[in-house]
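A closer look at the structure
Okay, here's what each chain looks like letter by letter:
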Amino acid sequence: MEGVSYQRFPRVKIRELKDDYAKFELRDTDASIANALRRVMIAEVPTVAIDLVEIEVNSSVLNDEFIAHRLGLIPLTSERAMSMRFSRDCDACDGDGQCEYCSVEFHLRAKCITDQTLDVSSKDLYSSDHSVVPVDFSDSAGYDSSEQKGIIIVKLRRGQELRLRAIARKGIGKDHAKWSPAATVTFMYEPEIHINEDLMETLTLEEKISWVESSPTKVFDFDPNTQQVIVVDPEAYTYDDEVIKKAEAMGKPGLVDIRAKEDSFIFTVESTGAIKASQLVLNAIEVLKTKLDAVRLSEDTVEADDQFAYGVIT
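Residues numbered from 1 in each chain as written. Predicted model: local features only at pLDDT ≥ 70, side-chain atom pairs only at ≥ 80, totals over all residues. Heavy atoms only, no water.

1. Looking at the pattern of salt bridges
According to the stated counting rule, one finds 23 salt bridges in the structure shown. One salt bridge connects Arg 15 with Glu 25, and the closest N-O pair in it is separated by 2.6 Å. Taken together, the positions of Arg 15 in strand E1 (residues 11-17) and Glu 25 in strand E2 (residues 21-27) put the pair 10 residues apart, joining distant regions of the chain. A relative accessible area of 35% means that Arg 15 is categorised as partly exposed. On the basis of relative accessibility, which here comes to 6%, the residue Glu 25 falls in the buried class. The shortest N-O distance in the salt bridge between Asp 91 and Arg 85 comes to 2.9 Å. Judged by relative accessible area, which is 31%, Arg 85 ranks as partly exposed. A network of salt bridges, in which partner residues are shared, links Arg 15, Glu 25, Arg 27, Glu 190, Glu 235 and Lys 261. (Salt bridge = Lys/Arg side-chain N within 4 Å of Asp/Glu carboxyl O. Helix = DSSP H or I, 4+ residues; strand = E, 2+ residues; numbered from the N terminus. Buried < 20%, exposed > 50% of the residue type's maximum accessible area, 1.4 Å probe, protein only.)

2. Notes on helix H2 (residues 64-72)
Each α-helix winds once per 3.6 residues, and so residues spaced three or four apart point in a common direction. For H2, every residue scored as buried is listed here: Ile 67, Leu 71 and Gly 72. All buried residues of H2 fall inside an arc of 140 degrees around its axis, so they share one side. Looking at the buried side of H2, the elements it contacts are strand E3 (47-58), strand E7 (152-156) and strand E8 (161-171). (Arc of directions from axis to C-beta. Contact = heavy atoms within 4.5 Å.)

3. Quick word on the sheet that holds E2
The sheet built from 4 strands is open, its strands ordered E1-E2-E12-E9 with antiparallel pairing. The open sheet is flanked by E1 and strand E9 (182-195), the only strands paired with a single partner. Shown here is a sheet whose adjacent strand axes are inclined to one another by a mean of 30 degrees, direction ignored. Judged from the 6 bridges that link them, E1 and E2 form a sheet pairing that is antiparallel. Note that in E2 the partner of Val 12 across the bridge is Leu 26. Running at roughly 155 degrees to E9, helix H1 (residues 31-43) makes contact with E2, E9 and strand E12 (256-271) of the sheet. (Pairing = 2+ DSSP bridges. Axes fitted to C-alpha atoms, helices over the stretch in contact; angles between N-to-C directions.)

This is the structure in structure tokens:
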């Protein structure tokens, strides 16, 4: 209907926030926006990953392609990826993808000269840009830093050597999974659970306990003091309908009413470490806004074309 506005004002509430993990609520919006945000976080937030490998010497047991693939999957710190240029759009190097504006150069030189196996890892990659380096997963509080070897690339025995040059470029997960900054992004509808207290009182003590135990997850509990069934964790409900089926089998349909709030979602975001989980969410919102601006611009262009098309004389 013309003149009707469907504008909404979503709200976000942070529940838990770590460098590589975030849990938050997204309210007052619909599933299309929630799913768009999830898909953008997985596939369209840019990061930096090794895209070109030039091997000078490789006498290890792994072939060149295997090593190049392993290098590409090493997550690199990508805080400045949003400001970098895509190599295909870079005018400084004419799309060659090997300039300071669209790429970062890495070097690796390793040779085993002892009888002890040499572990070549991401710690041995030397970057031309100190802001783009392999992600450090070491726990500084729990272990000695000397024990942290990084991500293993290959193992060398005496006399074996590996020398290479690698170019890291900006990309998105839609092109290749190595550019995806998200390990896991999920959301669920927030469940709304109401127990019919009058119907619950008609159950015996054993029936109440049996009904509570029918749920595969700890959603309900039985309070021995009040002898009441209570909801302890509604978000643990997995929409399996087990408690509803149990109530029907007991001849008590309608014992519990479980509905999904269609405008409330709980997000769980896990980052690969390339960017912080909080920054991943913010970058995804920026990318989504850019895509919506592009859609709006294309619509305006079509409307303008339609408007002027009627004035053309053929």
